[in-house]
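The residues making up each chain are set out below.
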Amino acid sequence: MRRLLWLLPPVAVLVVFFGYPLALVLHQSFVGDDGFVGLANWEAVLASAEFRRALVRTALLAVAATAGCLVLGVFLALVIAFAPFPGVRAISRLVDVVLAFPSFLIALAFTFLYGSAGVLNAALASGACLTLLLCMNEFGIVLFVGAKDVITSPMLVYTKAIVTFDYPAACVVAVVNVVFSGALYALHRWVFAKGRAVLLWTRRSRAVAIALFAVLFTVVVVAPLAMIVLASVAGSWNGVLPSNLTGEHLASAVSGDAVASAVVSAQTAVIAALTAVVLGTWLALGPAKAPAGVRRVLDAAAHLPLAVPSVVVGLGLLVAFSRSPLLLNGTRWIVLVAHLVILLPFTFSVVSAAQRRVDPLPAAVAESLGASALHVLWRVRVPVLLPAMSASASLGLALSMGEVGATIMLYPPDWRTLPVSVFALTDRGQVFAASASTVLLLGTTLAGLVALGLVRPRAAER
Amino acid sequence: MTPAVELREVAVHFGRTVALHGLDLSVAPGETLALLGPSGSGKSTALKAVAGFFRPTAGRVLLGGRDVTDLPPNRRGLGVVVQSYALFPHMKVSDNVAFGLRARRTPRRIVAERVAEVLSLVGMSGFRDRYPRQLSGGQQQRVAIARALAIRPPVLLLDEPLSALDAALREEMVAELLRLRSELPDTAIVYVTHDQGEVLALADRIAVMRDARLVEVGPTSALYHRPAESFTASFLGASNLLPVEVVDAGTVRLGELRLAASSAGLPPGEPVALGVRPHRVGVREYSGAGLAARLVAVQWRGTGFRLDLELELGHRLRAEVPAVDGLSVGSRVDVSIPDACPLVRVA
């Protein structure tokens, strides 16, 4: 029992900033403007055609996205793993950078690529490509392509909470979304635990694999990035390619508001990612000697935010911390907390996976040499995990830099992140300026990832 | 004399699995006790219970007469070397060796002196600034031993320390350990292995284990030459076990062959077998003078030949002979077995 006590701080963070807001969302779903109304909110929401459409669409998108990810993601990963070629590390780093891409801008990039005036208009319908990238909790893409036509349940949460201020209805949709996602996540865990996932790798020639990889990588990763870069220097874009190329957008992106937003984004990402790495490592290391049941519960609890849309995280924090005793709404802290909650399962996941592979004997031997548990932790267990911690920091940094779902619900005027600024620009139709700001965002993220990448091999060598 | 290590009815259970049945053992200061047995015999479990890596389900562990059953590993003061060496990959050799001393807040000057001393003892003085990944298996093993010795432990626990090495290096390291052994006259060593060669070279006493139980314990030479249990005879020295009938206190019968063998100490009526080392089996062309057998297989082993034989009485037998002149696979041969082979209980 005493061993578990030291897990209190990270568990408290999860409970206070994730569990408690989620519980309040659940509670709020039973409360009307004039007090407790029982199931009335639920009856109203569940009876609405809009909600049912959103739910069905969300499920269909999730299934399609999963299928797309399985085909594309697994293939790309297998080529990187089993047919490495020169430059593969740079390509992996580029994939990391894509995480920092605000997801709604993927929609913009694909519109340039495959839309009505797109480069590859002919065979590929933009909807099909979008479907591959949409997943159940995706919010940014749907926000950009238009809430009117493609309402999904995270979008419905956003609309009800921020546009119509119908908090109870937003809470009902959020709860349904969480249950739905939770069930899918549980299914994933079950399949994973039972080893039902079957991976087949037929032996193909290295050249064919790499060529196919190049095509897929170009279509899915390079092309959208290139489109954004092209758009950032476009004066106009009425044909297949942009015209009247100009450096104006980039020049204004590196001065004024965009830079201020970039600094806010960088500060948010660094603070949130580092805190998430510390707490994630803490959670991963803590239950090593705990009973298997406790380990399973902690593992599930730490992964739970993964199954919750970022927009629901935002709603929960709004509901929970817009009042005393902890009034965070309107402060930068609520944005930092939201990013922390969103990043924590990722950092935990990376570090705990590494922790499971670590040989436990060095720590045991260190203890037998007379070192206290704290000394062993600091001098043996943590250093061995430094490469994983560095990797999780990179992941956290990239994710935080691109986070828009929760931030857009929570940001105060003095803490506007770059993705929010980019969205505001696109919302006003200034897509070229938005693209230029995105280039700045990607540049900042890449610089951060490269800096962490320099630390990583050193950590591994030590 | 107070034993350096004492296990009293130590049992270890993992859920429903019994990893170690009540084990009673003691090791005197300066003595080397080998725990010998196949995989899953409980020997490493016993060692880890002594190290404190897990708490026994039952029984007590005493070190120097002090009950340490409830103490964590860092308060037992033992030196431990494991099969994988478990060196700290992010630390240089010197930092690995200094780890235990620094954890005990030993003054810096003394740490430096002691690190130099133990690295010299294991012949690794020139490698102090290398990382473990820059060392060979044998070098890593020496560093692991130096790290364990640095804290001057009264007891050194070695868990299959040579099993990750190739055969040539293993022999070299056995010689190194023997030299170390002579330089640490007061240190008790518990040595876990499944290799009888290491055991015979290094151990003062052997505890043979099987299926999480102690089978037999005794001085190395006595256990090798006069094992009481059939498992010991076959595991330590690869004896052939030939079921025999006791004729009287000094004679047994194998088929029509009468052999001198002492059955003293064996309970009457219990099934017994004759433990015959392969190198003591004689094989020659058939003349009807010995036990008739058929030669089933011949393996050349460099220094001699290993023969697999099938006695016409119905038992299989292995022999090791210097030459096989006139013998071929499938031929009928005469087998001779010397007197005074040990009689063992059949489990």
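Before going into details, it helps to say that this report is about the structure given with it.

Cut-offs used in this document
- Residues numbered from 1 in each chain as written.
- Chains lettered and ligands numbered in written order.
- Predicted model: local features only at pLDDT ≥ 70, side-chain atom pairs only at ≥ 80, totals over all residues.
- Heavy atoms only, no water.
- Contact = heavy atoms within 4.5 Å.
- Buried area = accessible area lost by both parts, 1.4 Å probe.
- Salt bridge = Lys/Arg side-chain N within 4 Å of Asp/Glu carboxyl O.
- Helix = DSSP H or I, 4+ residues; strand = E, 2+ residues; numbered from the N terminus.
- Pairing = 2+ DSSP bridges.
- Axes fitted to C-alpha atoms, helices over the stretch in contact; angles between N-to-C directions.
- Polar contact = N/O pair within 3.5 Å; in protein donor to acceptor, adjacent residues only side chain to side chain.
- Patch = residues over 30% accessible without salt bridge, like charges linked within 9 Å, V, L, I, M, F, W, Y side chains within 5 Å.
- Areas by Shrake-Rupley, 256 points an atom, 1.4 Å probe, with all protein chains shown as cover.
- Buried < 20%, exposed > 50% of the residue type's maximum accessible area, 1.4 Å probe, protein only.
- Phe/Tyr/Trp six-rings, centres within 6.5 Å; stacked < 30°, edge-to-face > 60°.
- Lys NZ or Arg CZ within 6 Å of the ring centre and 35° of its normal.

## Here we look at the interface of chain B and chain A
At the junction of the two partners, chain B supplies 23 residues and chain A supplies 19 residues. Taking both sides of the interface into account, the surface hidden between chain B and chain A amounts to around 1900 Å²; carbon and sulfur atoms contribute 66%. Interface area lost by chain B to chain A is led by B:N74, B:H90 and B:F99, which between them contribute 31%. Taken together, chain B and chain A are joined by zero salt bridges. Among the secondary structure elements, those contributing two or more residues to the side of chain B that touches chain A are α2 (93-103) and α4 (137-150) of chain B. Broken down by element, the side of chain B that touches chain A gets its largest block of residues, three residues, from α2(B).

## Things to note about the sheet that holds strand β9 (residues 205-210) of chain B
Residue and element names in this part refer to chain B. Strand order in the open sheet formed by six strands is β6-β7-β8-β3-β9-β10, with mixed pairing between adjacent strands. The sheet is open, and its two borders are formed by β6 (79-81) and β10 (213-219), each paired with just one other strand. The average angle at which neighbouring strand axes cross in this sheet is 15 degrees, direction not considered. As paired strands, β9 and β10 are joined by six bridges and run antiparallel to one another. Following the sheet pairing, R210 is matched in β10 by R213.

## Brief notes about the side chain of A:H339
Structurally, A:H339 is set in helix α16 (residues 332-357). A distance of 2.9 Å separates the side chain of A:H339 from the side chain of A:T407, its partner in a polar contact.

## Section: a nonpolar patch on the surface
There is a patch of nonpolar side chains on the surface, built from A:V15, A:V16 and A:L326 and spanning about 210 Å² of accessible area. Relative to the helices and strands, A:L326 is located in the loop between α15 (310-320) and α16.

## Details of the sheet that holds strand β20 (residues 343-345) of chain B
Residues and elements named next belong to chain B. Reading across from one edge, β13-β12-β11-β14-β20 is the order of the five strands in this open sheet, with antiparallel pairing throughout. Only two strands of the sheet have a single partner each, and these edge strands are β13 (257-260) and β20. Ignoring which end each strand starts from, the neighbouring axes of this sheet average 50 degrees apart. Across five bridges, the pairing between strand β11 (residues 240-248) and strand β14 (residues 272-276) is antiparallel. Bridge pairing in β14 places L241 opposite G275.

## Section: the environment of B:E256
All names here are of chain B. By secondary structure assignment, the location of E256 is in the loop between β12 (251-254) and β13. Classification of E256 as exposed rests on a relative accessible area of 79%. For E256 and L313, which are 57 residues apart along the polypeptide, the C-alpha to C-alpha distance reads 9.6 Å.

## Things to note about the environment of A:V16
Residues and elements named next belong to chain A. Along the chain, V16 turns up in helix α2 (residues 8-28). Each C-alpha atom, one on V16 and one on A320, is 9.3 Å from the other, the two residues being 304 residues apart in sequence. Beyond its immediate chain neighbours, meaning those up to four positions away, V16 contacts P21 and F321.

## Topic: the packing of aromatic side chains
Applying the stated rule across the entire model yields six aromatic pairs over all chains. Aromatic side chains A:F30 and A:W42 sit 5.9 Å apart centroid to centroid with 25 degrees between the ring planes, which places their arrangement in the stacked category. Separated by 12 residues along the polypeptide, A:F30 in the loop between α2 and β1 (31-32) and A:W42 in helix α3 (residues 40-47) bring together distant segments of the chain. Note on A:F30: relative accessible area 23%, which makes it partly exposed. A network of ring pairs unites the aromatic residues A:F17, A:Y20 and A:F321 as a single cluster. The aromatic ring of B:F88 is capped on one face by B:R147, whose charged end is 4.6 Å from the ring centroid. The cationic tip of B:R332 hangs over the ring face of B:Y286; the distance from NZ or CZ to the ring centre is 4.2 Å.

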